[in-house]
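# Close look at the chain arrangement
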Amino acid sequence: MFYDAVPDPYCYAGTTVLKNRLGLRDQAALDAFEHELTAQRFDEPLPAGRLSVRHYQALHRHLFQDVYSWAGRFRTVRISKAGSMFCYPEHIASEMRKLFLDLKNQDLFRGLTPGEFADRAAHFLADLNAIHAFREGNGRTQLVFFTVLALQAGHPLDLDALDPEAFLAAMVKSFRGDEAALNSAVSRLVRSNRK
Ligand SMILES: Nc1ncnc2c1ncn2[C@@H]1O[C@H](COP(=O)(O)OP(=O)(O)OP(=O)(O)O)[C@@H](O)[C@H]1O
């Protein structure tokens, strides 16, 4: 069988370790390096922007610039996670344009009640995740973008209320077409901030 025979140009030959700026070939070492550097970049002022596709890419570039040479650039290979096959690379640019045009046409979700905002934001996040624009770092970029979007829409998030496991499970369900759990998870982040 040849399912895994296509080599991933993002990885060191014969491994599943992503090529990185430090040349680390050990996954645990790369994980630690990536975690530390992205956390440092997260604490810096984030790139300003108009919540556009370019802005989204700039946020990924900012967070991952120390780790990957392709930071901020869309992936060129197919990827999946636990049976979820994300957008094929040849459609990423057009799907991102559509999704962000839709966001712009909804006035970046401004002027909504918390409930309306949570509804639309959950749907947006589900679509954004289904595209999975980057080879790695989609979850962190989604969350940073969502934080900025929510703030500008007048519904700042309470990230202390984030339950990562529940959020992940909700994202996976949303990929399968059920957005109810994601809706609740997003609502909690919005609502707990109003306490
Ligand atoms: N089986 C799945 N189906 C759909 N989406 C998934 C699945 N597993 C994880 N995800 C989502 O993929 C994103 C993580 O993608 P990726 O690994 O590229 O990002 P990361 O920032 O490196 O990881 P993390 O979010 O774990 O820090 C998260 O939004 C997560 O909810």
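Quick note: structure is the one above.
Owing to the predicted nature of the structure, the values given are computational and were not obtained by experimental measurement.

Rules used throughout
- Residues numbered from 1 in each chain as written.
- Predicted model: local features only at pLDDT ≥ 70, side-chain atom pairs only at ≥ 80, totals over all residues.
- Heavy atoms only, no water.
- Helix = DSSP H or I, 4+ residues; strand = E, 2+ residues; numbered from the N terminus.
- Rg over C-alpha atoms; globule rule 2.2 N^0.38 Å.
- Buried < 20%, exposed > 50% of the residue type's maximum accessible area, 1.4 Å probe, protein only.
- Contact = heavy atoms within 4.5 Å.
- Areas by Shrake-Rupley, 256 points an atom, 1.4 Å probe, with all protein chains shown as cover.
- Near = heavy atom within 4 Å.
- Polar contact = N/O pair within 3.5 Å; in protein donor to acceptor, adjacent residues only side chain to side chain.
- Salt bridge = Lys/Arg side-chain N within 4 Å of Asp/Glu carboxyl O.
- Expected span 1.5 Å × (residues − 1).
- Arc of directions from axis to C-beta.
- Axes fitted to C-alpha atoms, helices over the stretch in contact; angles between N-to-C directions.
- Parallel < 35°, antiparallel > 145°, perpendicular 65-115°, else oblique.
- Left-handed = near helix turned anticlockwise from the far one by under 90°.
- Nonpolar A, V, L, I, M, F, W, Y, C, P; charged D, E, K, R; others polar.

This part takes up the overall build of the protein chain. Helix and strand counts for the protein chain stand at seven helices and two strands. Computed over C-alpha atoms, the radius of gyration of the protein chain comes to 17 Å, within 12% of the 16 Å expected from 2.2 N^0.38 for 195 residues, which places it in the range of a compact globule. Projecting the C-alpha coordinates of the protein chain onto the three principal axes gives extents of approximately 50 × 40 × 30 Å. Within the protein chain, buried positions represent 43% of all 195 residues. Considering only residue pairs separated by 6 or more positions, the protein chain has 64% of its internal contacts joining residues 24 or more positions apart. On the protein chain, roughly 11,000 Å² of surface is accessible, and the fraction owed to carbon and sulfur atoms is 53%.

Turning our eyes to something else, we now look at the site of the ligand. The immediate surroundings of the ligand are formed by 16 residues, with Lys81, Ser84, Gly139, Arg140 and Gln142 found nearest. Measuring from an oxygen atom of the ligand, one finds a side-chain N or O atom of glutamine 142 at 2.7 Å. Starting from 630 Å² of accessible surface for the ligand in isolation, the protein chains cover 78%. Listed by contribution, the elements that provide at least two residues to the shell around the ligand are α5 (138-152) and α6 (164-175).

Further remarks concern the pattern of salt bridges. Pairing between side chains of opposite charge can happen when the charged atoms of each approach one another. Per the counting criterion, the structure on display carries seven salt bridges. Ionic pairing is found between glutamate 44 and arginine 41, a salt bridge with its closest N-O pair at 3.0 Å. Between aspartate 66 and arginine 41 there is a salt bridge whose closest N-O contact spans 2.8 Å. Remark: arginine 41 occurs in helix α1 (residues 27-43) and aspartate 66 occurs in the loop between α2 (53-64) and β1 (80-81); sequence separation between them is 25 residues. By sharing partners, the salt bridges in this structure join Glu34, Glu136 and Arg140 into a single network.

In an α-helix there are 3.6 residues to a turn, and that puts residues three or four apart on one side. Across its twelve residues, α6 extends 17 Å between first and last C-alpha, which sits within 8% of the 16 Å expected from 1.5 Å per residue. Those residues of α6 lying buried are Phe167, Ala170, Met171 and Ser174. Buried residues in α6, looked at end-on, bunch into an arc of 100°, giving them a common side. Summarising the geometry of α6, the exposed residues directed more than 90 degrees from the buried face are Glu165 and Leu168. On its buried face, α6 is in contact with α4 (114-131), α5 and α7 (180-191). In the segment just after α6, glycine 177 is the residue with positive phi, at about 100°.

In the contact formed by α2 and α5, the axes pass within 10 Å of each other and the chain directions differ by 125°. Here α2 lies oblique to α5, going by the angle between them. Once α2 is placed against α5, the crossing between them reads as right-handed. Across from His55, Tyr56, Leu59, His60, Leu63 and Phe64 in α2, the residues of α5 making contact are Asn138, Arg140, Thr141, Gln142, Val144, Phe145 and Val148. A per-class count over the contact of α2 with α5 returns seven nonpolar, five polar and one charged.

Relative to the helices and strands, leucine 18 is located in the segment before α1. Between the C-alpha atom of leucine 18 and that of arginine 135, which follows or precedes it by 117 residues, the distance is 9.2 Å. When sequence neighbours within four positions are dropped, the list of residues in contact with leucine 18 reads Tyr10, Cys11, Tyr12, Leu24, Leu30, Tyr68, Arg135 and Glu136.

Along its twelve residues, α2 runs 17 Å from first to last C-alpha, staying within 8% of the 16 Å computed at 1.5 Å per residue. Within α2, ten of the twelve residues are buried, leaving the element largely enclosed by the surrounding structure. When we look at burial in α2, the residues that qualify are Val53, His55, Tyr56, Gln57, Ala58, Leu59, His60, His62, Leu63 and Phe64. Here the buried face of α2 lies against α1, α3 (89-105), α4 and α5.

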